[in-house]
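Inside the fold
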Amino acid sequence: AVVLVSVEGILATRRRSLVFALAALAIVLSLRSTLLCYNHCEIQDWRSVAAFLVEHSKPGEGVVFERNFGRIGFDHYASIIGPPDATSLMPDEPWTYRGLEFGGTNDPGTTEILELVGEFDKVWLVLSMQIVQRSDSITTAFESVYGAPQVYEFNGVDILFYSREH
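Residues numbered from 1 in each chain as written. Predicted model: local features only at pLDDT ≥ 70, side-chain atom pairs only at ≥ 80, totals over all residues. Heavy atoms only, no water.

Ordered in space as β2-β1-β3-β5-β4, the five strands form an open sheet in which the pairing is mixed. Two strands in the sheet have a free side with no partner beyond their single neighbour: β2 (87-90) and β4 (150-154). The mean angle between the axes of side-by-side strands here comes to 25°, regardless of whether they run parallel or antiparallel. Looking at chain direction, strand β1 (residues 62-65) and β2 are connected through three bridges and run parallel. Within β2, the residue paired with G62 across the bridge is T87. (Pairing = 2+ DSSP bridges. Helix = DSSP H or I, 4+ residues; strand = E, 2+ residues; numbered from the N terminus. Axes fitted to C-alpha atoms, helices over the stretch in contact; angles between N-to-C directions.)

For the structure shown, the criterion picks out ten aromatic pairs. Taking the centre distance of 6.3 Å and the plane angle of 35° together, the rings of W46 and F65 count as tilted. With a gap of 19 residues between them, W46 in helix α3 (residues 46-56) and F65 in strand β1 connect regions that are remote in the sequence. Each member of the pair W46 and F65 is classed as buried. (Phe/Tyr/Trp six-rings, centres within 6.5 Å; stacked < 30°, edge-to-face > 60°. Buried < 20%, exposed > 50% of the residue type's maximum accessible area, 1.4 Å probe, protein only.)

Looking now at the pattern of salt bridges. Per the counting criterion, the structure on display carries two salt bridges. A salt bridge links D75 to R71, with the nearest nitrogen and oxygen atoms 3.0 Å apart. Note that D75 and R71 are positioned in helix α4 (residues 70-81) at a spacing of four residues, about one turn of the helix. A residue is classified by how much of its surface remains accessible, and D75, at 3% relative accessible area, is buried. Using a relative accessible area of 0% as the deciding quantity, one classes R71 as buried. When the shortest N-O distance is used, the salt bridge between D121 and R164 registers 3.3 Å. Here R164 lies in the segment after β5 (157-163) and D121 lies in the loop between α5 (110-117) and β3 (122-128), a separation of 43 residues in the sequence. For D121, a relative accessible area of 37% corresponds to the partly exposed category. (Salt bridge = Lys/Arg side-chain N within 4 Å of Asp/Glu carboxyl O.)

Moving on, we come to a nonpolar patch on the surface. Together, L18, L22, L25 and L29 make up a nonpolar patch on the protein surface, roughly 330 Å² of accessible area in all. Summarising the element assignment, L22 is placed in helix α2 (residues 16-40). The class for L22 is partly exposed, based on a relative accessible area of 30%. (Patch = residues over 30% accessible without salt bridge, like charges linked within 9 Å, V, L, I, M, F, W, Y side chains within 5 Å. Areas by Shrake-Rupley, 256 points an atom, 1.4 Å probe, with all protein chains shown as cover.)

Turning next to the confidence of the model for the protein. Per-residue pLDDT for the protein averages 77, and the proportion of residues at 70 or more is 73%. Every residue in residues 98-105 is under pLDDT 50, and counting partners more than four places away or in other chains gives 13 contacts. (pLDDT = per-residue confidence, 0-100. Contact = heavy atoms within 4.5 Å.)

Quick look at the structure:
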């Protein structure tokens, strides 16, 4: 809305030199904010995450994505590399699913996830775009069931491997 009002104001100005100056200022300010985001935002390496899970997961293991939208980047690379052997538990869509919301925008709660993983002795938990409080509650719950995980760190994404067989 601010951009539209700014454009309206720039276009309403009769002096051509002022229009160009204001337009240049708007472009510089938008470039600055874009560059700040790229310099401070962590780019997620879904290619490496997909390759890792394809290589290391086995049938009978489960995969949980803490954030439903994490599957979008993952599925893109898994469609090229091939799907993992483990079962997708959350979201519970098949690896070939190409929707954008995976059952809606609501991310699962800790209780819901623990109910899903109950029968699995080994589970991969994929954490991305982490919100500390949420990740802490889920990892604490997983640790109460499985013990301490093996942690694999990728750029912007962590994979925690939980096993009852440690």
